[in-house]
Amino acid sequence: MLRRLFAGGAGTLVAALMCGGAFAQDTVKVGLILPMTGPFASTGRQIEAAAKLYMAQHGAMAGGKKIELIVKDDTGVADVTKRLAQELVVNDKVAFLAGFGLTPTALATAPIATEAKVPMIVMAAGTSIITERSPFIVRTSFTLPQNTLPVAEWAAKNGLKKVVTLVTDFGPGLDAEKTFTEVFTKAGGSIPEKLRVPLRNPDFAPFLQRAADAKPDALFVFVPSGAGSAVMKQFAERGLNKAGIKLIGPGDVTDDDILNDMGDVALGTITSMHYSAAHKSAENQAFVAAFGKANNGMRPNFMAVGGWDGMHLVYQALAKTGGKTDGEALVGAMKGMKWVSPRGPISIDPETRDIIQNVYMRKVERVDGQLYNVEFATFEAVKDPGKTKK
Ligand code: DHB
């Protein structure tokens with residue numbers, strides 16, 4: 001009796017294991033590594049919400065496989081990202097690595113993607129060099145040279161002669177500073193001060209005081225997503241707006257996630273960026289409405305579209321390979337892919353695996369009582385200028 005029970009139990013266990021095995025083959029895992037806590041948590045929150053919305057709207061199946069999302073919090077620290085990526089590849093056998101809220105976390109993971117031959121979708125980080133660090137990297141976010149070039153040209157053409165730059169002192173900030181400097185000085189503009197603030201615990205006040213003392217026509221700012229509120233507050237407290245100094249930059253500083261709480265000081269800020277929640281298209285209106293409905297009224301920002309389009313890439317690549325998870329086949333399927341995102345038409349450059357997208361000139365305005373980045377001009381299908389110059 002006891003033996004029979006035992007035998008039955010073992011049989012059930014074997015059946016369960018076999019079932020588990022079969023299930024595992026029909027499931028494709030996507031490891032989404034993001035800063036879910038710490039100073040860059042808004043990036044993680046936005047991307048996770050967008051990825052989950054994409055899956056809710058498109059169903060959990062792609063290429064005949066069930067998609068399983070595994071979200072991990074790296075707190076924005078590169079060593080943690082690297083360890084999590086290793087665990088996801090070795091233990092969870094993920095077919096995709098995705099996320100990467102900050103440039104150092106993407107750079108730290110690139111060798112793992114190469115070694116494991118696992119596609120790595122960069123949904124947030126924006127330093128130009130990232131896609132060159134592994135043939136398995138594909139980017140759905142943006143690059144800082146891409147988002148800086150239009151506002152630099154705008155500044156030169158709209159009567160600004162003297163501009164101080166203020167950037168966060170890491171990859172994307174240095175890319176932004178370099179692109180702005182090249183374009184603006186070539187057009188005859190001058191840059192009396194180039195200020196760099198630390199990534200961790202920045203105090204903008206002393207830098208803004210130095211900027212004010214130089215009496216420029218404008219202050220060019222790049223800070224990572226989420227940090228714009230502190231800049232804007234200090235910009236007003238130090239009286240830069242009252243002194244008639246314009247605020248310009250790539251659109252990270254007027255991030256849609258926090259823009260509405262900045263108050264009147266943000267009005268008139270001129271930025272160039274690939275995404276605005278106010279972008280006028282049917283796709284974007286549907287996206288903003290569904291995102292808000294699923295997330296307590298939260299407004300999607302430029303990080304959210306990176307997550308949304310990154311999931312689109314996963315789904316479409318699997319559809320193209322018929323569910324095959326060979327890394328080279330998946331990256332091959334992604335190259336040259338084109339679609340209409342909530343941000344507008346986009347594609348993956350087959351040469352660089354980087355995103356080609358429209359970049360829009362915008363001005364902060366009050367619309368129906370809320371602050372928005374209102375688009376007023378379009379630079380079409382911009383490739384990363386950080387690469388095309390080489
Ligand atoms: C990066 C991070 C940001 O939050 C941002 O707005 C732009 C770039 C980055 O680390 O690359």
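Rules of the game
- Residues numbered from 1 in each chain as written.
- Predicted model: local features only at pLDDT ≥ 70, side-chain atom pairs only at ≥ 80, totals over all residues.
- Heavy atoms only, no water.
- Salt bridge = Lys/Arg side-chain N within 4 Å of Asp/Glu carboxyl O.
- Helix = DSSP H or I, 4+ residues; strand = E, 2+ residues; numbered from the N terminus.
- Buried < 20%, exposed > 50% of the residue type's maximum accessible area, 1.4 Å probe, protein only.
- Near = heavy atom within 4 Å.
- Polar contact = N/O pair within 3.5 Å; in protein donor to acceptor, adjacent residues only side chain to side chain.
- Areas by Shrake-Rupley, 256 points an atom, 1.4 Å probe, with all protein chains shown as cover.
- Nonpolar A, V, L, I, M, F, W, Y, C, P; charged D, E, K, R; others polar.
- Pairing = 2+ DSSP bridges.
- Contact = heavy atoms within 4.5 Å.
- Axes fitted to C-alpha atoms, helices over the stretch in contact; angles between N-to-C directions.
- Core = buried A, V, L, I, M, F, W, Y, C linked by side-chain atoms within 4.5 Å.
- Phe/Tyr/Trp six-rings, centres within 6.5 Å; stacked < 30°, edge-to-face > 60°.
- Lys NZ or Arg CZ within 6 Å of the ring centre and 35° of its normal.
- Expected span 1.5 Å × (residues − 1).
- pLDDT = per-residue confidence, 0-100.

(A) Seen up close, the pattern of salt bridges. If you walk through the whole model with that rule in mind, you get 15 salt bridges. Salt-bridge contacts for Glu-182 lead to Lys-178; the nearest nitrogen and oxygen are separated by 3.7 Å. Here the residue Glu-182 and the residue Lys-178 both occupy positions in helix H6 (residues 171-186), the gap between them amounting to 4 residues, near one helical turn. Since its relative accessible area comes to 53%, Lys-178 is described here as exposed. Across the pair Lys-387 and Asp-354 runs a salt bridge, and its minimum N-O distance is 2.5 Å. Of the two residues, Lys-387 sits in helix H12 (residues 385-388) while Asp-354 sits in the loop between strand E13 (344-348) and strand E14 (355-367), which places them 33 residues apart along the sequence. Here the residues in one salt-bridge network are Arg-139, Asp-354, Asp-384 and Lys-387, joined through shared partners.

(B) Seen up close, the site of the ligand. Taken together, 15 residues surround the ligand, and among them Leu-102, Thr-103, Gly-126, Ser-225 and Asp-252 come closest. One of the side-chain N or O atoms of Thr-103 is found 2.5 Å from an oxygen atom in the ligand. A distance of 2.9 Å is found between an oxygen atom of the ligand and a backbone nitrogen or oxygen belonging to Ser-225. Protein coverage of the free-state accessible area of the ligand, which is 290 Å², stands at 100%. Class assignment of the residues belonging to the shell around the ligand gives a composition of 9 nonpolar, 5 polar and 1 charged.

(C) Structural view of the sheet that holds strand E6 (residues 137-139). Strands sit in the order E2-E3-E1-E4-E5-E6 across an open sheet of 6 strands; the sheet is mixed. Edge positions in the open sheet fall to strand E2 (61-62) and E6, since each of these has one partner strand only. The sheet contact formed by E2 and strand E3 (residues 65-73) spans 2 bridges and is antiparallel. By the bridge assignment for E3, Met-61 is matched with Lys-66. Packed on one face of the sheet, helix H4 (residues 103-116) meets strand E4 (96-99), strand E5 (120-122) and E6 and runs near 160° to E5.

(D) Representation of unusual backbone geometry in the model. A positive phi angle is found at Asn-296, which is not glycine, with a value near 55°. Position of Asn-296 among the secondary structure elements: in the loop between helix H9 (282-294) and helix H10 (302-321). Within the chain, Ala-381 stands out as a residue other than glycine whose phi angle is a positive 45°. Secondary-structure assignment places Ala-381 in strand E15 (residues 370-382).

(E) Seen up close, the pairing of strand E1 (residues 27-34). Here E1 lies mainly inside the structure; 7 of its 8 residues are buried. Looking at chain direction, E1 and E3 are connected through 8 bridges and run parallel. Bridge pairing in E3 places Val-30 opposite Leu-69.

(F) Spatial organisation of the nonpolar core. Residues Ile-67, Phe-96, Leu-97, Phe-180, Ile-248 and Met-311 are the most contacted members of the largest nonpolar core, which totals 95 residues. At 11 residues, H10 tops the list of elements feeding residues into this core. When near neighbours in sequence (up to four residues on either side) are disregarded, Ile-248 contacts Val-151, Trp-154, Ala-155, Leu-160, Val-163, Phe-180, Ala-218, Leu-219, Phe-220, Val-221 and Ile-270. One finds Val-164, Phe-235, Leu-247 and Ile-258 within the second-largest nonpolar core, a separate group that totals 28 residues.

(G) Fine view of the packing of aromatic side chains. Applying the stated rule across the entire model yields 8 aromatic pairs. Judged by centre distance (6.5 Å) and plane angle (80°), the ring pair of Tyr-275 and Phe-287 falls under edge-to-face. In this pair, Tyr-275 sits in the loop between strand E11 (270-273) and H9 while Phe-287 sits in helix H9, placing the two residues 12 residues apart along the sequence. The same class applies to Tyr-275 and to Phe-287, which are both buried. The structure contains a cluster of three or more aromatic residues connected by ring pairs, namely Tyr-54, Tyr-275, Phe-287, Phe-291, Trp-308 and Tyr-315. When the ring centre of Tyr-372 is taken as origin, the NZ or CZ atom of Arg-299, which lies over that ring, is 3.8 Å away.

(H) Molecular detail of helix H5 (residues 144-157). The end-to-end C-alpha distance of H5 is 20 Å, a good match for the 20 Å that 14 residues give at a rise of 1.5 Å each. In terms of residue burial, H5 counts as a mostly covered element, since 11 of its 14 residues are buried. Every buried residue of H5 is accounted for by Leu-144, Pro-145, Gln-146, Asn-147, Thr-148, Leu-149, Pro-150, Val-151, Ala-152, Trp-154 and Ala-155. Within two residues after H5, Gly-159 carries a phi angle of roughly 85°, on the positive side.

(I) Up close: the confidence of the model for the protein. Residues of the protein with pLDDT of at least 70 account for 93%, and the chain-wide mean is 94. Confidence over residues 1-24 falls short of pLDDT 50; this stretch has 1 contact with residues more than four positions distant or in other chains.

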